[in-house]
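So you can see what is in the structure, the chains are spelled out below.
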Amino acid sequence: MRIWPALAADVICILVFAIVGRSSHAESTDLVGVLATAWPFLAGYALGLTLARSWRHPVARPSALILWGSTVVVGMAFRVLTGAGVQLSFVIVTAVVLGVLLLGWRGLWSLVQRARHRSGHAPA
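- An unreviewed UniProt entry lists the protein chain under the name DUF3054 domain-containing protein, with Microlunatus capsulatus given as the organism.

Given below as structure tokens:
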């Protein structure tokens, strides 16, 4: 898989996380509100993208784990630095949800590619 589709999928996952989180707390899901919630995690993702050099292998498990960890840890650090609040329950939910989203689509992608390979279809 090339980097641009993977990058788009990851950014969408982070934005979905922010939208669902805001709506579950009865907060506005307008663009400004969603970006206010998502930016720390997008910044963490961008750092992870650089650290993992994910443009080389955007679906590889090591890259995915670095992206997930960086998104959560750096995102939480930015929330602390900006006074946005970080409760343990939020950290746990964030880690689980972003893990399911960022690692989940990669796992599904890999399963589809393996199935296509076994059936004789060339991987995309």
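1. Some points on the packing of helix α3 (residues 61–81) against helix α4 (residues 88–118)
- Contact geometry of α3 with α4 gives a least axis separation of 10 Å together with a crossing angle of 150°. Taken together, the axes of α3 and α4 lie roughly antiparallel to each other. Between α3 and α4 the crossing geometry is right-handed. Taken together, the residues of α4 that come into contact with α3 (itself represented by A64, L65, L67, W68, T71, V72, M76 and R79) are F90, V91, T94, A95, L98, G99, L102, L103 and R106.
- Split into classes, the residues belonging to the contact of α3 with α4 amount to 12 nonpolar, 3 polar and 2 charged.

2. Remarks on helix α2 (residues 31–52)
- A bend of about 45° at A38 is the largest found in α2, and the proline P40 appears one to four places after it.
- Packing partners of the buried residues in α2 comprise α1 (3–24), α3 and α4.

3. Some points on the nonpolar core
- Counting residues in hydrophobic clusters, the biggest one holds 19 residues, and the most contacted among them are I14, F41, Y45, L49, L98 and W105.
- Only α1, α2, α3 and α4 provide two or more residues apiece to this core.
- Broken down by element, this core gets its largest block of residues, 7 residues, from α1.
- Excluding residues that lie within four positions of it along the chain, I14 makes contacts with A38, F41, L42, Y45, T71 and L98.

Conventions used here
- Residues numbered from 1 in each chain as written.
- Predicted model: local features only at pLDDT ≥ 70, side-chain atom pairs only at ≥ 80, totals over all residues.
- Heavy atoms only, no water.
- Axes fitted to C-alpha atoms, helices over the stretch in contact; angles between N-to-C directions.
- Helix = DSSP H or I, 4+ residues; strand = E, 2+ residues; numbered from the N terminus.
- Parallel < 35°, antiparallel > 145°, perpendicular 65-115°, else oblique.
- Left-handed = near helix turned anticlockwise from the far one by under 90°.
- Contact = heavy atoms within 4.5 Å.
- Nonpolar A, V, L, I, M, F, W, Y, C, P; charged D, E, K, R; others polar.
- Bend = angle between axes of the 7 residues up to and from the residue.
- Core = buried A, V, L, I, M, F, W, Y, C linked by side-chain atoms within 4.5 Å.
- Buried < 20%, exposed > 50% of the residue type's maximum accessible area, 1.4 Å probe, protein only.

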